Amino acid sequence: MDNLKYYNDNLAYDFEMFMPKPAYAPNTKDNIVAMPRVAQKTKKRQAAATKALSVPLTLVLCACFILAALCGNITLRLKINEVNSEINDMKSAIAELDSEKTALEMEMQRRISYANLEVEATELGMKKPEKENVTYIRVNDKNAAITSDGSFVSE
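Source: prediction; values computed, not measured. (Residues numbered from 1 in each chain as written. Predicted model: local features only at pLDDT ≥ 70, side-chain atom pairs only at ≥ 80, totals over all residues. Heavy atoms only, no water.)

Draft legend 1. Molecular detail of the overall build of the chain. Along its length, the chain carries three helices and two strands. Traced from its N-terminal end to its C-terminal end, the chain shows the element sequence α-α-α-β-β. By residue count, 1% of the 155 residues in the chain fall in the buried class. (Helix = DSSP H or I, 4+ residues; strand = E, 2+ residues; numbered from the N terminus. Buried < 20%, exposed > 50% of the residue type's maximum accessible area, 1.4 Å probe, protein only.)

Here is the structure:
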């Protein structure tokens with residue numbers, strides 16, 4: 001509005017203020033950029049190609065993952081079998097050593113039996129003690145003794 005006319009005219013007679021304002025066409029442009037249809041079609045094609053590629057790619061990746069899991073499973077089973085065979089070898093070695101120990105104990109028992117000891121002693125010229133061969137020591141105190149030559153022994 002032009003403010004100069006208010007200074008020159010009477011404000012009471014200004015009817016323009018009460019008149020309906022004419023509708024003006026908007027002079028501002030929209031900020032929306034219209035994409036050409038070719039670009040939209042290209043985007044749709046790229047999206048379709050990406051989707052078409054993603055399905056086989058996903059299948060290939062899943063197959064690789066499953067194959068890797070199966071190879072890992074086979075490797076672990078082979079390792080378990082190797083460890084189990086080592087355990088079985090150790091168990092058989094333990095059983096063999098136990099049987100050898102038993103055989104050695106039986107041999108020791110046979111060698112130290114009382115009958116064998118008596119036979120060996122008689123071969124060496126030993127005999128059972130008789131009453132005249134036994135010497136008794138009389139102990140007067142628990143911690144002291146007198147020997148056959150008359151000397152006194154204490155702790």
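Draft legend 2. Fine view of a nonpolar patch on the surface. A contiguous nonpolar surface patch, about 340 Å² in accessible area, is contributed by Phe65, Ile66 and Leu70. Tracing the sequence through the fold places isoleucine 66 in helix α2 (residues 37–111). (Patch = residues over 30% accessible without salt bridge, like charges linked within 9 Å, V, L, I, M, F, W, Y side chains within 5 Å. Areas by Shrake-Rupley, 256 points an atom, 1.4 Å probe, with all protein chains shown as cover. Salt bridge = Lys/Arg side-chain N within 4 Å of Asp/Glu carboxyl O.)

Draft legend 3. Local environment of the state of the cysteines. Following the criterion strictly, the structure yields zero disulfides and no others. Left unpaired, cysteine 62 is separated from the closest cysteine sulfur, that of cysteine 64, by 9.4 Å. For cysteine 62, a relative accessible area of 41% corresponds to the partly exposed category. (Disulfide = S-S within 2.5 Å.)

Draft legend 4. Structural context of a positive patch on the surface. A cluster of basic residues, Arg37, Lys41, Lys44 and Arg45, forms a positive patch at the surface. Here arginine 45 shows up in helix α2. (Lys, Arg positive; Asp, Glu negative; His and termini not counted. Charge placed at Lys NZ, Arg CZ, Asp CG, Glu CD.)

Draft legend 5. Geometry of the confidence of the model for the chain. For the chain, per-residue confidence averages 80 on the pLDDT scale, and 79% of positions sit at 70 or higher. When pLDDT is averaged over each element of the chain, α2 comes out on top at 89 and helix α1 (residues 4–8) at the bottom at 57. (pLDDT = per-residue confidence, 0-100.)

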